[in-house]
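# Results of the structural survey
The residues making up each chain are set out below.
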Amino acid sequence: FDSDEFVSIKLGDGHVHDLVNHSPDAHLISICQLQFGCSHVNTFEPGLSTEQFIWHQSHEPKEGTTRRRDLERGLKTFIRSDAPIALWNNHMPTLDFDKMEQTLWVYGDNHKVPDNVYLGKTKSLPAKHCYEVAQLNHYATRSRESFLVQSHRGNAVKLNQKADVKYWQRYNHNVAQIGSMTRHVPALKELMSEWLSDPELRQRQDVCNARHQTLIKTLKQDPDYAILLRRVTRIDERAHAQKEAQT
C-alpha cells in the first residue's frame, strides 16, 4: 500500500485479522480504493489525514453512468504465502494459471474475483460489491495548499508528470462521509503520542511539518502555482456550493 492509503475494515474491531478470518480459505483478498477529497479544507494543518479529511466519493456508481472509472474501482491485494504467484506486480499479482483451479481469490463479502480481472489485468473490480467488508481509503489530494507541494514533488510512477487540475478533478471527491476511519483515531493518537515522546522522532516530525509549511509559502508566490491554487479552489468551492444546494 502507498503512504496515502489506509486499510479500513468493517468487520469486528477493524483489524486485518478480522478480514483474514472472514475469508479463511482465500489465497488472495482484494480490497478497493475509496477516493477521499480535500473535504473543502484550504489550509495545511499538521495532523491525521484520517481525521481531517472525512469526505469521499460515493460507494455506489452514479445512476446511468457508463464511465469505467465510476463502474469499477482500483484494487490492492492481500496475498497468502502459499498463493501460486508467477509474477509480483503492484495492485495484484500474475498467477500461475496451471494452478488456478486450486486458487481462491475473493473480494467484498467473499465474492470470487471475475476471470476477466486476472486474465485482462484490469486492476479494478465492480463497485457494486467491493466495499462490503473493507475498503482502502485513498487520501490523494488532502488540503488545497498541500496539493501545491504534491504537484511540485512530481509523480513517483511517471517521470516529468505532475499532479495538475485534471488530477484534482479525478481524485477530489467530497460527496459522502460514511466511510471514514474515525473510530480508530483515539487509539492511533495514543500510539502516536507514545512514538513522539521520543525526542528524535518528535524533532523529525516537527522539521517535516515546518518544511512543508515553508514550501507552501514559497509556491504560493510562484505565478504558476498561484494559478493552480486558484483553479483548484474555484473547482472545489463550486462543487461544495452545488452539494449544499442539494441538501
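Everything in this summary refers to the structure shown in the same document. (Residues numbered from 1 in each chain as written. Predicted model: local features only at pLDDT ≥ 70, side-chain atom pairs only at ≥ 80, totals over all residues. Heavy atoms only, no water.)

### Things to note about the overall build of the chain
Quick reminder of the rule: Counting from the N terminus, the helices are the DSSP runs of H or I reaching at least four residues and the strands are the DSSP runs of E reaching at least two. Computation of the radius of gyration draws on C-alpha atoms, with the globule rule given as 2.2 Å multiplied by the number of residues to the power 0.38. Throughout, exposure labels follow a simple rule: accessible area from a 1.4 Å probe, protein chains only, divided by the maximum for the residue type, with under 20% read as buried, over 50% as exposed, and the rest as partly exposed. Contact criterion: two residues are considered in contact whenever any of their non-hydrogen atoms come within 4.5 Å of each other. All accessibility values rest on the Shrake-Rupley procedure with a 1.4 Å probe; residue burial counts only the protein chains present in the view. Charged residues are defined here as Lys and Arg on the positive side and Asp and Glu on the negative side; His and the ends of the chain fall outside this count. Every charge is mapped onto a representative atom, which is NZ of Lys, CZ of Arg, CG of Asp or CD of Glu.
The number of helices and strands found in the chain is nine helices and nine strands. Its C-alpha radius of gyration of 20 Å places the chain within 12% of the 18 Å reference for a compact globule of 247 residues. Projected onto its principal axes, the C-alpha positions of the chain cover 60 × 50 × 40 Å. Across the 247 residues of the chain, 40% fall into the buried class. Of all intrachain contacts in the chain linking residues separated by at least 6 positions in sequence, the fraction that spans at least 24 positions is 73%. In the structure as shown, the chain presents an accessible area of about 14,600 Å², 50% of it carried by carbon and sulfur atoms. Charge separation in the chain, taken as the distance between the mean sites of 32 positive and 31 negative side-chain charges, equals 8 Å.

### Focus on the packing of aromatic side chains
Inclusion rule: Stacked, edge-to-face and tilted are the three classes for Phe, Tyr and Trp ring pairs, Trp counted by its six-membered ring, which pair at centre distances within 6.5 Å; planes under 30 degrees apart are stacked, over 60 edge-to-face, the rest tilted. In this analysis the charged atom, NZ for Lys or CZ for Arg, is taken to sit over a ring once it is within 6 Å of the ring centre and within 35 degrees of the ring normal.
Summed over all chains, the structure comprises six aromatic pairs. A centroid spacing of 4.6 Å and a plane angle of 35 degrees characterise the contact between Phe-36 and Tyr-139, whose relative ring orientation is tilted. One end of the pair, Phe-36, is in strand E2 (residues 28–36); the other, Tyr-139, is in strand E9 (residues 134–139), with 103 residues separating them in the sequence. Like Phe-36, the residue Tyr-139 is buried in the burial classification. An aromatic cluster is defined as three or more aromatic residues linked by ring pairs; in this entry it consists of Phe-147, Tyr-167, Trp-168 and Tyr-171. Seen from the ring of Trp-55, Lys-243 lies directly overhead, with NZ or CZ sitting 3.6 Å from the centre.

### Some words on the pairing of E2
To be explicit about the condition: Whether two strands pair comes down to DSSP finding at least two bridges between them.
Of all the nine residues making up E2, nine are buried; the element is thus mostly covered by neighbouring parts of the structure. Sheet analysis places E2 next to strand E3 (residues 72–79), joined by five bridges and oriented antiparallel. Residue Leu-28 lies in a different strand from E3, and its bridge partner there is Ile-79. Bridge analysis of E2 against E9 gives four bridges, and the strand direction is parallel. What sits directly across from Gln-33, in E9, is Leu-136.

### Side note on a nonpolar patch on the surface
Selection criterion: Residues qualify for a patch when their relative accessible area is over 30% and they have no salt bridge, like charges being joined within 9 Å and the nonpolar side chains of Val, Leu, Ile, Met, Phe, Trp and Tyr within 5 Å. Salt bridge criterion: a side-chain nitrogen from Lys or Arg within 4 Å of a carboxyl oxygen from Asp or Glu.
On the surface, Leu-191, Trp-195 and Leu-201 cluster together into a nonpolar patch covering about 290 Å² of accessible area. As for its position among the elements, Trp-195 is in helix H7 (residues 185–195).

### Concerning helix H8 (residues 199–220)
Stated formally: One less than the residue count of a helix, multiplied by 1.5 Å, gives the span that helix is expected to have. It is the directions from the helix axis to the C-beta atoms that the arc portrays. Pairing of N or O atoms within 3.5 Å defines a polar contact, subject to two protein rules: one partner must be a possible hydrogen donor and the other a possible acceptor, and residues neighboring in sequence count only if both atoms are side-chain atoms.
The terminal C-alpha atoms of H8, which comprises 22 residues, lie 32 Å apart, in line with the 32 Å expected from a rise of 1.5 Å per residue. Along H8, the positions that sit buried rather than exposed are His-212, Ile-216 and Leu-219. For H8, the arc enclosing every buried residue in end-on projection is 75 degrees, short of the 170-degree limit, so these residues lie on one face. Exposed and oriented more than 90 degrees from the buried face of H8 are Pro-199, Gln-203, Arg-211 and Lys-217. Against helix H5 (144–153) and helix H9 (223–246) lie the buried residues of H8. Between a side-chain oxygen at the N-terminus of H8 and the backbone nitrogen of Glu-200 the separation is 3.0 Å; the capping residue is Asp-198.

### Considering the packing of H5 against H9
As a reminder, the rule being used: Fitted lines through C-alpha atoms give the axes, limited to the stretch in contact for helices. The angle between two N-to-C directions lies from 0 to 180 degrees. Under this scheme an angle from 65 to 115 degrees is roughly perpendicular, one under 35 degrees roughly parallel, and one over 145 degrees roughly antiparallel; angles in between are oblique. Should the near helix be turned anticlockwise from the far one by less than a right angle, the crossing is termed left-handed; should it be turned clockwise, right-handed. Note on residue categories: nonpolar means Ala, Val, Leu, Ile, Met, Phe, Trp, Tyr, Cys or Pro, charged means Asp, Glu, Lys or Arg, and polar means any other residue, Gly included.
One can describe the packing of H5 onto H9 by two numbers: an axis separation of 10 Å at closest approach and a directional angle of 135 degrees. With respect to H9, the element H5 is oriented oblique. The interaxial crossing formed by H5 with H9 has right-handed handedness. Contact residues: Arg-144, Glu-145, Phe-147, Leu-148, Ser-151 and His-152 in H5; Tyr-225, Leu-228, Leu-229, Val-232, Thr-233, Asp-236 and Glu-237 in H9. Of the residues belonging to the contact of H5 with H9, the class tally is six nonpolar, three polar and four charged.

### Notes on the nonpolar core
Operational definition: We call a set of buried Ala, Val, Leu, Ile, Met, Phe, Trp, Tyr and Cys residues a nonpolar core when their side-chain atoms join them within 4.5 Å.
Within the largest apolar cluster, 21 residues are counted, with the highest numbers of intra-cluster contacts made by Trp-105, Val-113 and Leu-125. Within the residue set of this core, elements represented by two or more residues are E2, strand E6 (105–107) and helix H4 (115–120). With residues near it in sequence (within four places) discarded, Trp-105 still touches Leu-28, Ile-29, Ser-30, Thr-77, Met-92, Pro-93, Leu-95, His-111, Lys-112, Val-113 and Tyr-118. Counting 15 residues, the second largest nonpolar core, distinct from the first, contains Leu-148, Val-165, Val-232 and Ile-235.

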